Each structure stands twice: as C-alpha cells, then as structure tokens.
Amino acid sequence: MNDSTENKLFEGKLAIEGMTCASCVARVEKALKKVDGVSNAEVNLATETAQIQSQLPLDYPAFIQAVEKAGFGVAQKQIELNIEGMTCASCVSRVEKALKKVPEVIDAKVNLATEKATVTALETVHTTELVKSVEKAGFQIAQPNIELNIEGMTCASCVARVEKALKAVGGVSHATVNLANEKAFIQAPASQTQQLVAAVKKAGYEATLVTEQQPSLAEKKADEARLLKRDLIIALVLAVPVFILEMGSHMIPAFHHFIAHNLGTQNSWYIQFVLTTLVLIFPGRRFYQHGIPALTRLAPDMNSLVAVGTLAAFSFSCVATFAPQLLPQGTVHVYFEAAAVIVALILLGRFMEAKAKGKTSQAIQYLVGMQPKTARVEQSSSIVDMPIADVQSGMLIEIRPGERCPVDGEVVAGSSYIDESMISGEPLPVAKQVGDQVVGGTINQNGHLKIKATAVGQDSVLAQIIQMVEQAQGSKLPIQALVDKVTLWFVPVVMSLAVLTFLIWYFVGPEPSLTYALINAVAVLIIACPCAMGLATPTSIMVGTGRGAELGVLFRKGEALQQLKNTQVVAVDKTGTLTEGKPTLTDFEVTTGFNKDQVFQMLASVEAKSEHPIAYAIVQAAQDMNIQLLEVENFDSVTGAGIQALVNGQQLFIGADHLMQKMGLDTTVFAAQAEIMGTEGKTPLYVSIDQQLAAIVAVADPIKSSTYSAIQALHDLGLKVAMITGDNRHTAAAIAKQLKIDHVIAEVMPEQKVQSVQQLQQEHGVVCFVGDGINDAPALAQADVGMAIGTGTDVAIEAADVVLMSGNLQMVPTAIALSTATMNNIRQNLFWAFVYNAALIPVAAGVLYPFFGVLLSPMFAAGAMALSSVFVVSNALRLKAFQGPIFKES
C-alpha cells in the first residue's frame, strides 16, 4: 500500500434492515469490521444506519455480504435512467462501467434497445451522482417530464414570465407553459420539483404537481365558469344602474333633466360611487389581487392593465365627486360607469372563455371515460367486482357481452368480436379467440370472454394514449416562438403607450385635455390585453390533437403537427404498410428430375425454422396440405440473400436470384415464370438441392383494400408518394404500377433505408416516412416526420413522431389534412390576435380623432378585448368537426 492511500480514510454509510436490539448492533459492527480495510464501523439502532471508515476504497458488495451473513439486510433501491446518445454495444459497456464507478452502486445493466439503465444501489446514493458519471462518460440523461398545474395565468405575457422563472431553476433543460390547459411541462430532475413550484410562486402564480386525483381541465373550467357566472351576475346587477344613470343622462336629454331635478347630479354621482366601489371590491377584486403585485414586481400582465385602467377612471371620478376644486376648470366629470362596465364586460369574456376552454379537453375526457371503474375478477372459483385500481397483472377477468374490457389482456377462454374503433378508428369489430390480445376500454360485442390481465394502470395502451395526447397538447410549436418574443415585452410597451397617449392628449389635445387624456389612456390599457395572443396557438393544438386521437391519429410530438403540413413526399415501407404483411403461397414449380411433393416437403421443413413472413406463407401452405415436416440440421441464414440447411443429408439453399447466381447456378430456365410473377407483384424465390437448381416458389403479399384510395387521397393533396422496400425491383415496380406510386426504391437493406430517406429529402424537401417494423425505426427517426402504424412494433412506435392506431393507410392523408387544418386555424387565430391589437391600439389612442372626430370608449374597448379571446377559442373549437378526406372506393 502506498503512503497516499495509507493515510487516507474512505468513509461510507449503509442503511441496515432487521435490527431490533443492542446485540443486533454489536453483530453488525463485528461483521463489518471483518471486511478487509475497515478500520471502524459504528451502527446506530435509532437511525438504522452504519457509518464505516476504511483504509481501502469502499467495497460495498463485500459490506452487503458481511451484513447478510450476520443475518441482516442492507436497504437498496433500483433507479431507472433514460440514456441518450448510445449507438452500439461499446456505448453500453462505457455507460455500465461509468455507473459502476459510483461507490454506492451495486450493479448496473444498460439496454441499448430501450436506451435505459437499471441501477441497483444503496439507499444513500444520489441520482445526481449517477447523472454526473454518465455525462462524464460522454452521454446524456433524458430528464423526466415534470408536469405542473399553473393557476393565475391570464394572458401570453403570463406564460412568458412563468417559463422564464422555470428556466432559471438549476437543472432545468426544457420548460414549456400552455395557457390553454394551464400546465407547465418541465424536463428536470424530480428532486427539483419544490424549487420549480417556489419559482412559479415567486413569479406571482400558483403551481401544484399534477396527480391522477386532481380534477380535469374540463372540471376546473366548469368550477371556474360557475364562480365567474356568480361574479358576472353581481357585476351586471351593480354596473347596469351606474351605466343608466351616467350614459342615459348623456344620450337622452329628457332623462338628464329628470335626474337633475328629481335626484340631483351630485346624488347621482354618490350612488354611482357606491355601486362602482362594490363592483371593484367584490367581482373585480381578482384583477387587483393579481395585477397590482405583478406591477410592483415590474412584470405587469393583463390584470395589471385592467387594474391600472379601472383604478385610473375610478380615482379620477372620486376626485371629481368629493374634491372637484382640485381639478382644472371644465374637467369635472365622472367615469364610474367606465370602471364598472369594464369589469363586467371582462368578466363576461372570461366566463365565455372558460366555458369554451373546458370543451377543448373533451377528447381527453372521452378517452378517460372509456375505462370501466370496476372489473369482474375470478378469485377462489368465484367472480368478484373489484375496483380497477386494484386489478393486477396475471389476474383472470370475465367480460360479458356489451361490457368494456377493463384492462389490457390475453384471451384465455371464449371467443367474441371486439369493437376497437376507439383505439384504431376502424368501424368493423375484430374477431378475438384464445391467445389474442384485447385492449382496455374496447367493447365486447356478443360473446363471453375470459382474459388474463397483461397491462394495468399506467402501462395500459389507453393510459399511454392519454399520456401521448396530453404531451402533444402541452407542446409548443416553432410558430409559437415569435409570439413568445413579442408578448414578453407587449404589456410593458402597452403601458408605455398609455402613458405617452396621456401626455400627448394632456399637453396637445383640446379642452378638457385632462378628461381626453384619461379616457384615451384607459382605452389603450384595456384594448391591448394580449389574451388572444396567448390562446391562439395552444387552443388549436389541444383541439386538433384531441380530434386526431378520436380519429386514431396520435401526435407523439407537437412539432410534427406543424411539420406535417409542409410534407412534399410521403415515403412508405411496403410490407405491412401497403400490403397485409401476411404473404400467401401462389406458385411452386420444380425442374426436371425433382419430385414436386418431396421438394416442397424439404422446402417447408427448412422454412419452418425461419421467422420471415415468406416462410410463414410456405409453412402455412404445408399445414393446409397436412405435410409432415422433416428434421433439419445446420440451419443458417445467408445475410440479405436467403437461408441454408441440411435435410436428409441434402444441402438446401433458398433465396433470391442473386443467391443462385452467386452459387454459379443458371436460373434462366425459370426466366419466363419469374417475369410473369414480377409483373403480378409476386416475390419469386429459388430452391437449390446439392448445388442443383430444384424449384421456383412465388409468394404474394396482398395489397390492403384501403391502400388504393389512400394513395389517391395523397395525390389529391398534391403530394408525391415513394415506396422504399427490400423486395426485388420487379415486384416493387409491379406493386407501384398497380398503386400509381411516383418513386420506387427497391432492394434496399434496412440500414440503406435511412440513405433513401436522405436522398428524397435532398431531392424534394420535407419527407414523411410511414413504416411498421423494427427495421423501419432508423428511417422513421431520419424523416422530417415519422409515422408508425400502431399495429407495428414498439420500437417503430417509439421512433415515430405520429402513431396511426390502425393499419389503415387512409390515416396518413387524414393526419396530413388534420395538420393542415390545425395550422390554418392557428394562423387565423394569430392573424386575428395581432391585427386586432395592431389596428385597435392606435384607434384607442385617438389617432382618428383629428380626421373623423372618432374616439374609442373604454367600455367598447373592454367589450372588444373580451370578444377577441372568445373568438380565438371558438375558432379553435371548429376543429372538433374535422372529418378528413373523403376516400373514393377502389
């Protein structure tokens, strides 16, 4: 041992389980001191911890072994990390090695396919240590999404401030805030949750962690609407008399004389003061509670604009009522009606907005409502009704006709038809029998089923769909970046414009200049609330993605919603996407000298060892003919070309024409048949036995009936369609001809699909790739928008931006049409929001007065501002009626 190590003490801590008395403590201490290098071990019974000092680097596995040998346990935990940046097996080794270097780590396993690391470690380990070790090895940890409910946001500037506050918290890699669903999505360590909540509170808003027990957006908006309705009624009851007393006197001379002679102008003002004060204190209190603190923090929002505007009108009116001598000659007027009516009108706008915003989340509520509350579970030979939350994997569940499947599961008894339209969008029920999978929430039609639960709670397909839709609804599109930049400075700029308006009218305007200055400044403040700007994009996203979910189109990433509209080329994989993915045997011929039945028996025996779809077709045909399969030896695949094996001592090679040519065999004897097969879209394969060409076999994968109309619909949208396939060029060309596909890229290996997508991107621009297999995952990731067929593999779905829940290719043009409709809706909303402010702020400031004598009353400004938000939300709700392309029968 060298001096530096000898003089250094390594200190560690263990959480001990199972100790009950002082003798337990002594036994644990004695066991730990026996470990090489340990100089001291102190165990505390109260805290159940052991403090260890060692002259050697801490050997935790040895400590655990010693404690377990003494009859006790060491508290351990499993931590799962999402690793980004791994590409090969050596990356896996580096990450595992890095994690195992952390002293408290007992074991670490890394999976390249799922990109996850499962770490077994002591309770004392900090996740930050694991993150640092992975980052030091050159990789990144994908932070989990923390979802917060944000309360108190009213406009786009609120959104910008909350985002700014969240991003300032250490460890936050990404944060987006959505005004429409009032949520924040943050990528940060879970340990930072409290700091995030505190940061939001410091910014002037309330934040709570989203949990399953919390009310939905629709429920929250319903509660908010009830509260707003109450306050609106109070405000209207109080504000209408104020409006009649003041504006009636201005508009109807006879009414003015009636008030002056019977009530008196001063008494009228006193009544207006009392009623307006009640309006501001009770229903209008919300604006001051939020607006004034925001103003003191130098972060004004919409509430600040309303608060300043109404207080300015109210304060001036109070001076005119109780101390008129303080005002210049000719400026003694009251504007109580402006303050009262502004509050009433803005509450009316908020009430209408809350009711409309509640409808934007109906798609999620529809999906949540699909899952039954209870399940009929078999226990001890009897059936009991069990709450869905208590159902566990492996339980046997009975489903009667007409009932919804309570959880995902596998049919173990019975047969029936299941209506899966809520998941796939397909109207026809699907036959289910023993061994088939069912999805929770789908409807059992006419038979009794018994299923074994395979996925419950958050692992179920329905839960994952809901999570996918919520994440897409909370995402922020690139188009929103401009809005964010503008709105962060919008309110301070408006307040500056209001001050400038006041000064210009006061010093330059006609008499009574103070009155004009006040009214126009208040109008600018009220008209410019950027509510519509903040709602323009997120409401359309929420309704658009929700409607997509109802149609069977799931947007995993919100950005795809924008990018899909710009698609120039739709590239599709052939097998399983254009075709059924279940090939059938169509032709089989042998050369002279070979027995047809014997060759087919040997062929089927070898293909039974393969997992290729073509092999499935041949084996299925053999089973249909009751052919007995033979023993197969030395089975092996010939990469990218075929397979080989020994049957009855004879060497068989099965593969495409280039495999035969590589073996030096002449396939021209079958040239005519191969050409015919190719033109019919069949895949010809050759069989050689003991270096002699023995047979040609053809398999065809039927084109899905919906594919023809789907391709036509894509052409109608002005898009080009490309097919990328590993199949031979003749077969690919034949299918392309039948379907009128524009580009064909055939005979490509899985790794070459990425290059094919890149080639299309260079030639045409934005490419959408549609696939369903594991070998499609790289191409899905490379494409500008990757679409995975939901009936495909999990890996393909994980790599995709959009998931089509059915295998129907008609969903592709539907998804593109929905993207186009949503983006057009967003542009309409943004145009309205920006043009509204750009046009009406100058009008409110009085630019038309010198030319036309037109001024905008603060009351009309409040009404216009409220209507702008209602218009934007109502326009977004039109997407709920989206139907997609009408498909022509082929």
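Here the residue numbering is sequential within each chain, running from 1 through the sequence in written order. Owing to the predicted nature of the model, reporting of local features is limited to residues with pLDDT of at least 70; listing and counting of side-chain atom pairs is limited to 80 or more, with chain, interface and lining totals taken over all residues. Heavy atoms throughout the structure, all of them, feed into the side-chain values; hydrogens and water do not.

**Section: the sheet that holds strand E26 (residues 642-647)**
- The strand order E24-E29-E28-E27-E26-E25 describes an open sheet built from six strands, whose pairing is antiparallel. The outermost strands of the open sheet, each flanked by one partner alone, are strand E24 (584-590) and strand E25 (632-638). Strand-to-strand twist in this sheet, taken as the mean axis angle between neighbours without regard to direction, amounts to 20°.
- Here five bridges tie E25 to E26, and the two strands are oriented antiparallel to one another. Residue pairing for E26: Glu633 is matched across the bridge by Leu646. Note on pairing: two strands pair once DSSP finds at least 2 bridges between them. Secondary structure elements follow DSSP: runs of H or I no shorter than four residues count as helices, runs of E no shorter than two count as strands, and numbering proceeds from the N terminus. Where helices are involved, their axes are fitted lines through C-alpha atoms of the stretch in contact, as for all axes, and angles between N-to-C directions lie from 0 to 180°.

**So, the nonpolar core**
- What makes a nonpolar core is a set of buried Ala, Val, Leu, Ile, Met, Phe, Trp, Tyr and Cys residues whose side-chain atoms join them at distances within 4.5 Å. Exposure is judged per residue with a 1.4 Å probe applied to protein chains only, and the accessible area is read against the type maximum: over 50% gives exposed, under 20% gives buried, and values in between give partly exposed. Counting 142 residues, the largest nonpolar core has Leu148, Leu166, Ile186 and Met787 as the members making the most contacts within it.
- In what follows, a contact means two residues having at least one pair of non-hydrogen atoms within 4.5 Å. Contact partners of Leu166, with chain neighbours within four places excluded, come to Leu148, Val172, Ala175, Val177, Ala184, Ile186, Leu196 and Val200.
- Grouped together as the second largest cluster of nonpolar side chains are 26 residues, Val38, Phe63, Ala66 and Val67 included.

**A short note on the UniProt feature "transmembrane region" (unreviewed entry) in the protein**
- As annotated by UniProt and renumbered to match this structure, "transmembrane region" (unreviewed entry) occupies residues 232-255, 267-284, 305-327, 333-352, 486-508, 514-537, 830-852 and 858-877.
- Helix makes up 78% of residues 305-327 and strand 0%, and the two end C-alpha atoms of the span are 25 Å apart. UniProt positions are given in the numbering used here, feature names are shortened, and annotations may be inferred rather than shown by experiment.

**Digging into the packing of aromatic side chains**
- Only rings of Phe, Tyr and Trp enter the pairing, Trp through its six-membered ring, and a pair is recorded when the two centres are within 6.5 Å. The plane angle decides the type: under 30 degrees is stacked, over 60 is edge-to-face, the rest tilted. Enumeration over the complete set of coordinates arrives at 16 aromatic pairs.
- Consider the rings of Tyr60 and Phe63, whose centres lie 5.7 Å apart with planes at 85°: the pair is edge-to-face. Here the residue Tyr60 and the residue Phe63 both occupy positions in helix H3 (residues 60-69), the gap between them amounting to three residues, near one helical turn. As far as the burial class goes, Tyr60 and Phe63 line up, both buried.
- Through successive ring pairs, a cluster of aromatic residues spans Tyr270, Phe273, Phe314, Phe322 and Phe336.

**Thoughts on the sheet that holds strand E16 (residues 408-414)**
- Spatially, E14-E13-E15-E21-E16-E19 is the arrangement adopted by the six strands of the open sheet, whose pairing is antiparallel. Edge positions in the open sheet fall to strand E14 (382-387) and strand E19 (437-438), since each of these has one partner strand only.
- As paired elements, strand E13 (residues 374-379) and E14 share six bridges and run antiparallel to each other. Bridge assignment links Thr374 to a residue of E14, and that residue is Pro387.

**Overview of the pattern of salt bridges**
- For salt bridges, the criterion is a side-chain nitrogen of Lys or Arg within 4 Å of an Asp or Glu carboxyl oxygen. Scanning the entire structure with this criterion turns up 10 salt bridges.
- Two residues, Lys109 and Asp107, come together in a salt bridge whose shortest N-O distance is 2.7 Å.
- A relative accessible area of 54% means that Lys109 is categorised as exposed.
- The exposure class assigned to Asp107 is partly exposed, which follows from its relative accessible area of 24%.
- Across the pair Glu378 and Lys450 runs a salt bridge, and its minimum N-O distance is 2.8 Å. Placement of Glu378 in strand E13 and of Lys450 in strand E21 (residues 449-455) is noted, with a sequence separation of 72 residues between them.

**Describing helix H18 (residues 513-527)**
- One less than the number of residues in a helix, times 1.5 Å, gives the span that helix is expected to have. For H18, which comprises 15 residues, the first-to-last C-alpha distance of 21 Å matches the rise-based estimate of 21 Å (1.5 Å per residue) to within 8%.
- For H18, a buried count of 14 out of 15 residues is recorded, marking the element as mostly surrounded by other parts of the structure.

**Here's the deal with a nonpolar patch on the surface**
- Together, Trp489, Val493, Leu497, Val499, Leu500, Leu503, Ile504, Tyr506, Phe507 and Val508 make up a nonpolar patch on the protein surface, roughly 1000 Å² of accessible area in all.
- Owing to a relative accessible area of 45%, Ile504 belongs among the partly exposed residues under this scheme. Put simply, a patch holds well-exposed residues, over 30% relative accessible area, that have no salt bridge, with like charges counted together within 9 Å and Val, Leu, Ile, Met, Phe, Trp or Tyr side chains within 5 Å. Working definition of accessibility: Shrake-Rupley area with a 1.4 Å probe, residue cover restricted to the visible protein chains.

**Observations concerning the packing of helix H31 (residues 811-845) against helix H33 (residues 858-877)**
- Relative to each other, H31 and H33 sit at 170°, their axes nearing to 9 Å. It follows that H31 is roughly antiparallel to H33 by the angle criterion. Residues Asn825, Gln828, Asn829, Trp832, Tyr836 and Leu840 of H31 pack against Ala861, Ala864, Met865, Ser868, Phe871, Val872, Asn875 and Ala876 of H33.
- Under the convention adopted here, Pro, Cys and the residues Ala, Val, Leu, Ile, Met, Phe, Trp and Tyr are nonpolar, Asp, Glu, Lys and Arg are charged, and Gly plus all remaining residues are polar. Of the residues in the contact of H31 with H33, the class split is nine nonpolar, five polar and no charged. Working rule for angles: under 35 degrees goes down as roughly parallel, over 145 as roughly antiparallel, 65 to 115 as roughly perpendicular, anything else as oblique.

**Some points on the pairing of strand E15 (residues 396-399)**
- Here E15 shows one buried face, formed by Ile397 and Ile399, and one open face, formed by Leu396 and Glu398.
- The pairing of E13 with E15 spans two bridges and is classified as antiparallel. The partner of Val377 across the bridge, within E15, is Ile397.

**Quick word on the packing of H18 against H31**
- Contact geometry of H18 with H31 gives a least axis separation of 8 Å together with a crossing angle of 165°. On the basis of the axis angle, H18 is roughly antiparallel to H31. Of the two elements, H18 crosses H31, and the hand of that crossing is right-handed. Only Tyr836, Asn837, Leu840, Ile841, Ala844 and Ala845 of H31 make contact with H18, whose side of the interface consists of Asn520, Ala523, Val524 and Ile527. Handedness of a crossing is defined here by the sense of rotation of the near helix relative to the far one, left-handed for an anticlockwise turn of less than a right angle and right-handed for a clockwise turn.

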